[in-house]
Amino acid sequence: MRAILAGIDAVNLLLKYVLALLLLMMTVGALGQVIVRFVLPLVGFNASAAWTEEVARFSMIWTVFLGAAWALRHGELIALDLLTHALPRLLGIAIKVLAYLSCAAFCMLLIVIGLEFAEIGEIERSPVLGLSKWYVFMSLPIGAGLMVMNILGFLLACIIDGSDPRGALDAVAD
């Protein structure tokens, strides 16, 4: 089981670097747009850089899905834990695990829907970059697949470590 967890963590290490690159691309695209629209006209140079908007938008889409998957592995997504901490420990843990498994089931549905959506995107092209929308739409099934992997990784880590899947507030609630 530890080997599986090590594999998941290796994927997440790579994912962390991909996320850093995507954030850099998004920042460069947005900063480029600001410079072209607001700074260059101040010095009398009017230009257009429409590619910056698409680069920023497509990078942001991928960052959202991949970032959510990465955050799931570490239990860092926003969650309302008040109920699970107010209930008796075992019941709270059962509800939290059920919530994670429900999320995994929903993500599996997103994989199926995302693949169908990406298939439609094969015939579409982005207006400026001319990039097939398939590359953008694949962020949904890939991100959802990584979310399922990381949900299972998080729960597996809780089993191996004997930690509470409810999170850090378990010391306060008990």
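Draft legend 1. Here's a closer look at the pattern of salt bridges. Overall, the coordinates contain six salt bridges when judged by the stated rule. One salt bridge connects D81 with K96, and the closest N-O pair in it is separated by 2.7 Å. A residue pair is termed long-range when its members are at least 10 positions apart, and D81 in the loop between α2 (51–73) and α3 (82–86) and K96 in helix α4 (residues 89–121) qualify at 15 residues. The pair D81 / K96 is uniform in exposure class, with both members buried. One salt bridge connects R166 with D164, and the closest N-O pair in it is separated by 2.8 Å. Overall, the relative accessible area of 2% leaves R166 in the buried class. Residue D164 is classed as buried on the basis of its relative accessible area of 9%. Within this structure, R89, D164 and R166 form a network of salt bridges that share partners.

Draft legend 2. Structural detail: the confidence of the model for the protein chain. When the pLDDT values of the protein chain are averaged, the result is 90; 96% of them are 70 or greater. By mean pLDDT, the top-scoring element of the protein chain is helix α5 (residues 133–137) (95), and the lowest-scoring one is helix α7 (residues 170–173) (41). Low pLDDT, under 50, characterises residues 170–174; the stretch is placed with five contacts to residues that sit more than four places away or in other chains.

Draft legend 3. Spotlight on the environment of L140. When you line up the elements, L140 lands in helix α6 (residues 139–161). Residue class for L140 comes out buried when judged on its relative accessible area of 16%. Remark: the alpha-carbon pair of L140 and L66, spanning 74 residues in sequence, is separated by 8.9 Å.

Draft legend 4. Spotlight on the packing of α4 against α6. The N-to-C vectors of α4 and α6 enclose an angle of 160 degrees; their axes lie 8 Å apart at closest approach. One element, α4, and the other, α6, form an angle in the roughly antiparallel class. In terms of crossing hand, the pair formed by α4 and α6 is left-handed. For the pair formed by α4 and α6, the contact residues are V97, Y100, L101, C103, A104, C107, M108, L110, I111, G114 and L115 on the first element and L140, P141, A144, G145, M147, V148, I151, F154 and L155 on the second. Looking at the contact of α4 with α6, its residues break down into 18 nonpolar, two polar and no charged.

Draft legend 5. Up close: the environment of G32. Looking at the element boundaries, G32 is found in helix α1 (residues 2–39). G32 gets classed as buried once you look at its relative accessible area, which sits at 18%. Measuring from C-alpha to C-alpha, the distance between G32 and G143 comes to 27 Å, with 111 residues separating the pair along the chain.

Draft legend 6. The packing of α1 against α2, seen in detail. Relative orientation of the contacting elements α1 and α2 amounts to 155 degrees, with a least axis distance of 8 Å. Here α2 runs roughly antiparallel to α1, going by the angle between their axes. Seen along the crossing, α1 lies across α2 with a hand that is left-handed. Of the residues that constitute the contact of α1 with α2, the class distribution is 17 nonpolar, eight polar and five charged.

Draft legend 7. Summary view of the layout of surface pockets. In this structure, the largest pocket occupies an estimated 390 Å³ of space. Along its surface, the largest pocket is lined by 21 residues, and L77, I78, A79, K96 and Y100 are the ones closest to its centre. Take the lining of the largest pocket: its biggest share by element is five residues, from α4.

Draft legend 8. Region of interest: a nonpolar patch on the surface. Taken together, the side chains of W51, V128, L129, L131, W134 and Y135 make up a nonpolar region of the molecular surface, amounting to roughly 550 Å² of accessible area. Locating W51 in the fold gives a position in helix α2.

Cut-offs used in this document
Residues numbered from 1 in each chain as written. Predicted model: local features only at pLDDT ≥ 70, side-chain atom pairs only at ≥ 80, totals over all residues. Heavy atoms only, no water. Salt bridge = Lys/Arg side-chain N within 4 Å of Asp/Glu carboxyl O. Helix = DSSP H or I, 4+ residues; strand = E, 2+ residues; numbered from the N terminus. Buried < 20%, exposed > 50% of the residue type's maximum accessible area, 1.4 Å probe, protein only. pLDDT = per-residue confidence, 0-100. Contact = heavy atoms within 4.5 Å. Axes fitted to C-alpha atoms, helices over the stretch in contact; angles between N-to-C directions. Parallel < 35°, antiparallel > 145°, perpendicular 65-115°, else oblique. Left-handed = near helix turned anticlockwise from the far one by under 90°. Nonpolar A, V, L, I, M, F, W, Y, C, P; charged D, E, K, R; others polar. 1 Å grid on protein atoms, 1.4 Å probe; cavity = no way out; pocket = protein on both sides within 12 Å on 5 of 7 lines; lining within 4 Å. Points joined across faces, edges and corners; volume = space filled by probe spheres on them. Patch = residues over 30% accessible without salt bridge, like charges linked within 9 Å, V, L, I, M, F, W, Y side chains within 5 Å. Areas by Shrake-Rupley, 256 points an atom, 1.4 Å probe, with all protein chains shown as cover.

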